[in-house]
Amino acid sequence: MAYVGKKFPNLSVNAMNELGDTFKLNVLEEAQKNNKKVVLFWYPKDFTFVCPTELHAFQAALGEFEKRNTLVIGASCDTAEVHFAWLSTSKDNGGIEGVTYPLLADSNRNLASTLGILDITNEQYDEETGVITVEGDNVTYRATYLIDEEGTVFHEGINHMPLGRNVNEYLRLIDAYTHVQEKGEVCPANWEEGKDAMTADRKGVAEYLSTHSN
């Protein structure tokens, strides 16, 4: 199920911060009560290979997200305790020490299941034994959600496990959506902050295409 244009699910999930505190976090409420946008990015597993590069990349861009009134939240199906062990491991050893944004610990998979982002296929029920089996690791793909101040999803995307994300693209999408919110214009292909946008009518697209032929 696609969530673009809909409210993000209203679910509280365990989370861990860099201080080692476990707490409940509701992504929808975080957006609404703080009147901020949220970037929520899911990754498959702690202590793996592509994942720490992404967590450090989001940390490196944290100031840029904060300038845009945007909260960053990471998420996987690991437990809070495993998150803290990874947060306590140095970058030199493949850890994420220095990451300061919260990490969801959706170990019961309530939120990941609701979003439909788990790596499970070919569910089978054995009538003789009553056992249900699935193929896959039952961890999340690299799913990303951008959520506005009202809790509405305005972007979602899912990468397969080997494909790391481009953090700058989420900054661009937030800039574009903010432009739409503030100016009422729409943003054409490859739009970036400072470039021309267009009015959402036939005259607007004609004027834009005639002056931006390349």
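Position numbers for residues count from 1 along each chain, tracking the sequence in the order it is written. Only residues with pLDDT of 70 or above have their local features reported here, since the model is predicted, and side-chain atom pairs are shown and tallied only from 80 upward, although totals for entire chains, interfaces and linings are computed over all residues. With hydrogens and water excluded, all non-hydrogen atoms of the structure serve as input to the side-chain values.

**Looking at the side chain of Asn26**
A run of DSSP states H or I qualifies as a helix once it reaches four residues; a run of E qualifies as a strand once it reaches two. Both are numbered from the N-terminal end. Within the element layout of this structure, Asn26 appears in strand 2 (residues 22–26). Only protein chains enter the area calculation, which uses a 1.4 Å probe; residues under 20% of their type maximum are buried, those over 50% are exposed, and those in between are partly exposed. Exposure remark for Asn26: the relative accessible area of 5% places this residue in the buried category. Nitrogen and oxygen atoms within 3.5 Å of one another constitute a polar contact, given that in protein one can donate a hydrogen and the other can accept it, and given that sequence-neighbouring residues count only through two side-chain atoms. A polar side-chain atom of Asn26 sits 3.0 Å from the main-chain amide nitrogen of Glu29. It only takes one pair of heavy atoms within 4.5 Å for two residues to be counted as in contact. Among residues more than four places away in sequence, those in contact with Asn26 are Asn10, Leu11 and Ser12.

**Details of the environment of Asn159**
Inspection of the secondary structure puts Asn159 in strand 9 (residues 153–159). Exposure remark for Asn159: the relative accessible area of 22% places this residue in the partly exposed category. Look past the residues within four positions of Asn159 in its chain and what remains in contact with it is Tyr141, Arg142, Gly164 and Arg165. At 3.1 Å, the side chain of Asn159 forms a polar contact with the backbone oxygen of Leu163.

**Looking at the environment of Tyr101**
With respect to the element layout, Tyr101 can be found in the loop between helix 4 (80–87) and strand 5 (103–105). You can call Tyr101 buried: its relative accessible area is 3%. Counting along the chain gives 72 residues from Tyr101 to Leu173, while the straight-line C-alpha distance between them is 20 Å. Residues within four places of Tyr101 in sequence aside, it is in contact with Phe41, Leu55, Phe58, Gln59, Leu62, Val72 and Gly74. Looking at Tyr101, its side chain comes within polar contact range of the main-chain oxygen of Leu55, at 2.7 Å.

**Focus: the pattern of salt bridges**
When a carboxyl oxygen of Asp or Glu is within 4 Å of a side-chain nitrogen of Lys or Arg, the pair counts as a salt bridge. Considering all chains together, one arrives at eight salt bridges under this definition. For Glu149, the salt bridge identified is with Lys37, shortest N-O distance 2.8 Å. With Glu149 in the loop between strand 8 (142–147) and strand 9 and Lys37 in strand 3 (residues 37–42), this residue pair connects regions lying 112 residues apart in the sequence. Take Glu149 and Lys37: they sit in the same class, and that class is buried. With a shortest N-O distance of 2.9 Å, Arg172 and Glu169 are connected by a salt bridge. Here the residue Arg172 and the residue Glu169 both occupy positions in helix 6 (residues 167–183), the gap between them amounting to three residues, near one helical turn. One continuous salt-bridge network, built from bridges that share partners, spans Glu64, Lys67, Arg68 and Asp175.

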